[in-house]
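One-letter residues, chain by chain:
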Amino acid sequence: MIDRADYFAARLAYETDASDVHAALSSDDEPVIIDVRSEAAWAQGRVAGAVHMHYSEIAARAPREIPVGASVVVYCWSPGCNAGVKGALEFAKLGYEVREMIGGFEYWVREGYPVEDADGVHRRPVDPLTGIPRVRTHA
């Protein structure tokens, strides 16, 4: 029988969330963020700075484009989408240290983190059900 602590430790080794990814993007150990969704979904908006690589292209493209040894985070649309799991599996088979961003792009947006699209980088309003609205202070 698996120990509960081992189970949850394993989940943290293979999964991350929008908040932790956002924090990691400001660290010395910045991960490569991979959007594994379709071209149409990518065009609607993506994590600012993400690389678009549909999960079906990872086996062919990743070895040429993503440094071996890079920390990789993949995401798809939402908790109801398993493309992130498909993408993570492809990276894992290639030997990358990969984690799936649970909640996907939906929760990235709902938490108010930077989104990129054809108009540039911007933030959408924070959904109070999933994120904490930023408080503006006056100088």
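Preceding block: the structure.
The text that follows walks through the structure, step by step, so that each part is easy to find. This structure is a prediction, so every number in the text was calculated from the model and none was measured.

## Topic: the nonpolar core
Counting 15 residues, the largest nonpolar core has Ile 34, Ile 66, Val 72, Val 74 and Phe 91 as its most contacted members. Going through the elements one at a time, α4 (58–65), β5 (71–75) and α5 (83–93) are the ones with two or more residues in this core. For Phe 91, the contacting residues outside a window of four places in its chain are Ile 34, Met 53, Ile 58, Ala 62, Ile 66, Val 72, Val 74, Tyr 96 and Val 98. One finds Ala 18, Ala 50, Tyr 75 and Tyr 113 within the second-largest nonpolar core, a separate group that totals 14 residues.

## Describing the packing of aromatic side chains
Taken as a whole and assessed by the stated rule, the structure comprises five aromatic pairs. When the centroid spacing of 6.2 Å and the interplanar angle of 25° are considered together, the rings of Tyr 75 and Phe 105 count as stacked. Here Tyr 75 is found in strand β5, whereas its partner Phe 105 is found in helix α6 (residues 104–110), with 30 residues between them in sequence. Here Tyr 75 and Phe 105 have matching classes, each one buried. Through pairs of rings, three or more aromatic residues link up here, namely Tyr 75, Trp 77 and Phe 105. The side chain of Arg 37 reaches across the aromatic face of Phe 105, ending 4.6 Å from its centre. One Lys or Arg, Arg 110, reaches over the ring of Tyr 107 and ends 4.9 Å from the middle of that ring.

## Description of α4
For α4, the set of buried residues is Ile 58, Arg 61 and Ala 62. The buried side chains of α4 occupy one side of the element, clustering within an arc of 100° when seen end-on. Residues of α4 that are buried sit in contact with β4 (51–52) and α5.

## Some words on the pairing of β5
Of all five residues in β5, five are buried, a share of seventy percent or more. Going residue by residue along β5, you find Ser 71, Val 73 and Tyr 75 tucked away on one face and Val 72 and Val 74 tucked away on the opposite face as well. In this structure, β5 lies alongside strand β6 (residues 97–102), joined through four bridges in parallel fashion. Paired with Ser 71 across the strands is Glu 97, a residue of β6. In this region the chain leaves β5, passes through α5 and returns to the parallel neighbour β6; the handedness of that crossover is right-handed.

Parameters and conventions
Numbering of residues starts from 1 in every chain and runs along the sequence as written. Owing to the predicted nature of the model, reporting of local features is limited to residues with pLDDT of at least 70; listing and counting of side-chain atom pairs is limited to 80 or more, with chain, interface and lining totals taken over all residues. By convention in this description, side-chain values take in all heavy atoms of the structure and omit both hydrogens and water. Each nonpolar core is a collection of buried residues, namely Ala, Val, Leu, Ile, Met, Phe, Trp, Tyr and Cys, held together in the definition by side-chain atoms within 4.5 Å. A 1.4 Å probe rolled over the protein chains alone gives each residue an accessible area, and that area as a share of the maximum for its type sets the label: buried under 20%, exposed over 50%, partly exposed in between. A helix here means a DSSP run of H or I that spans at least four residues, while a strand means a run of E at least two residues long, and both kinds are numbered starting from the N terminus. Throughout, a contact is declared for two residues whenever any of their heavy atoms are within 4.5 Å. Working definition: a ring pair exists when centres of Phe, Tyr or Trp rings (six-membered ring for Trp) sit within 6.5 Å. Plane angles under 30 degrees give stacked, over 60 give edge-to-face, the rest tilted. We call a charge positioned over a ring when the NZ of a Lys or the CZ of an Arg lies within 6 Å of the ring centre and within 35 degrees of the ring normal. Within this analysis, the arc is defined by the directions that extend from the helix axis to the C-beta atoms. For two strands to be treated as a pair, DSSP must find no fewer than two bridges joining them. Think of it like this: strands point away, you trace from the first strand over the helix to the second, and a clockwise trace means the crossover is right-handed.

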